[in-house]
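# Analysis of the macromolecular model
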Amino acid sequence: MDKKNIDWSNLGFGYVQTEKRFVSNFKDGKWDDGQLTDDATVVISECAGVLQYAQTCFEGMKAYTTEDGRVVIFRPDLNAKRMEDSAKRLEMPVFPQDRFVKAIEETVKANLDYVPPYGSGATLYIRPYMFGSSSVIGVKPAEEYQFRVFTTPVGPYFKGGAKPITIKVSDFDRAAPHGTGHIKAGLNYAMSLHAIVTAHAEGFDENMYLDAATRTKVEETGGANFIFVTKDNTVVTPKSNSILPSITRRSLMYVAEHYLGLKVEEREVYFDEVKDFAECGLCGTAAVISPVGKINDHGKEICFPSGMEEMGPITKKLYDTLTGIQMGRIEAPEGWLYEIK
Ligand SMILES: *Cc1c(COP(=O)(O)O)cnc(C)c1O
């Protein structure tokens, strides 16, 4: 293996073009065999369904090097299943789950030189996505689609360790009760951009969205689920049909219960009870867990006892155990690490 000459530990979280990407086209009711290509551009009709009516969904996952030198991906079967759910909700054809995992494997294999070494903190981010490629002007699903997978090496999400962040309760809604909040669709992100730019301009790192119907229950942020820890060490995560089912969050809840022996609850979480929690974190593939130190609710502050200097003790245990599993330092549950051979 001939690793690229990249300063792994100083990589940012941005797009770096790699050599190969996977492309498959859906036409006349079926997906073609697909292939790897050097061409990093997409050429589609000016009237493509994705450009006019945002018919697109995506996934996000990582390949990395374990302590013993294997290259692995974390639970890609769950990404395959989630992309199927997203496609169905957007009236797009499903890219079969087994082919999804194979396409990921093929793309990572073709870009092995870009998989960062163990200990660098960097990873190879994998972005599978799908979009309506044929022209659509009357409102209806496209007839043709493209499924693609590209990879890009990304640096450690937090340089110099995860510092607690400050978030605000947003005045915008992320997802409607019977809308598309539970799928990984570009449209959910398009409408969140104004809210995040606004939050940043006000000096906050992220938004906490409440349920759109009653504005009393915690949902999630623009791109990460919440976990809370009670004062007696129960790990709590909000339950709602409009939350995106984070694979990191589901894995952390498993780790809390089966590795750390903690009580776990997935249930509705009222904003009123947030002030009584001991710890709060945001979870997603990019950062695993970002500790939250402070929540600002229209000028009223909730400060968690864990403070603004470091992660709370349970959050830290969860983080260390899950990253230990991912990096091969702690034995993984059956099927969690998919090895690229
Ligand atoms: C992708 C995403 C997450 C995190 O999911 P992971 O599978 O853990 O990466 C959380 N919320 C939203 C809205 C997302 O799009």
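Up top is the structure.
Residues numbered from 1 in each chain as written. Predicted model: local features only at pLDDT ≥ 70, side-chain atom pairs only at ≥ 80, totals over all residues. Heavy atoms only, no water.

### What about the overall build of the protein?
The helix and strand tally for the protein stands at seven helices and 17 strands. For 341 residues, the compact-globule estimate of 2.2 N^0.38 gives 20 Å, and the C-alpha radius of gyration of the protein, at 20 Å, lies within 12% of that figure. Over its C-alpha atoms, taken along the principal directions, the protein stretches across nearly 55 × 50 × 35 Å. A burial count over the protein gives 52% of its 341 residues as buried. Long-range contacts, defined here as pairs at least 24 residues apart, represent 71% of the contacts in the protein between residues at least 6 apart. Total accessible area on the protein stands at roughly 15700 Å², and carbon and sulfur atoms take up 50% of it. Across the protein, 39 positive and 47 negative side-chain charges occur, with their mean positions spaced 1 Å apart. (Helix = DSSP H or I, 4+ residues; strand = E, 2+ residues; numbered from the N terminus. Rg over C-alpha atoms; globule rule 2.2 N^0.38 Å. Buried < 20%, exposed > 50% of the residue type's maximum accessible area, 1.4 Å probe, protein only. Contact = heavy atoms within 4.5 Å. Areas by Shrake-Rupley, 256 points an atom, 1.4 Å probe, with all protein chains shown as cover. Lys, Arg positive; Asp, Glu negative; His and termini not counted. Charge placed at Lys NZ, Arg CZ, Asp CG, Glu CD.)

### Overview of the site of the ligand
As a matter of local geometry, the ligand sits amid 15 residues, with Lys-184, Tyr-189, Ser-246, Thr-248 and Thr-285 nearest to it. The backbone of Ala-224 places a nitrogen or oxygen atom 3.4 Å from a nitrogen atom of the ligand. One nitrogen or oxygen atom from the side chain of Thr-248 is found 2.6 Å from an oxygen atom belonging to the ligand. Coverage of the ligand by the protein amounts to 96% of the 380 Å² it exposes when considered alone. Cavity membership is defined here by more than half of the atoms lying within 2 Å of grid points; on that basis the ligand lies in the largest pocket. The residue inventory of the shell around the ligand, partitioned by class, reads four nonpolar, seven polar and four charged. (Near = heavy atom within 4 Å. Polar contact = N/O pair within 3.5 Å; in protein donor to acceptor, adjacent residues only side chain to side chain. 1 Å grid on protein atoms, 1.4 Å probe; cavity = no way out; pocket = protein on both sides within 12 Å on 5 of 7 lines; lining within 4 Å. Sits in = over half its atoms within 2 Å of the grid points. Nonpolar A, V, L, I, M, F, W, Y, C, P; charged D, E, K, R; others polar.)

### A few points about the layout of surface pockets
A volume near 900 Å³ is recorded for the largest pocket. In terms of lining residues, the largest pocket is bounded by 41 residues, among which Tyr-157, Tyr-189, Gly-223, Ala-224 and Ala-286 are the most central. Among the secondary structure elements, those contributing two or more residues to the lining of the largest pocket are strand 7 (123-132), helix 4 (186-190), helix 5 (193-201), strand 10 (206-208), helix 6 (247-258) and strand 14 (279-284). In terms of residue class, the lining of the largest pocket is made up of 19 nonpolar, 15 polar and seven charged. Considering only enclosed or pocket space, the second largest pocket measures out at about 650 Å³ in volume. (Points joined across faces, edges and corners; volume = space filled by probe spheres on them.)

Coordinates in, geometry out; function isn't part of it.
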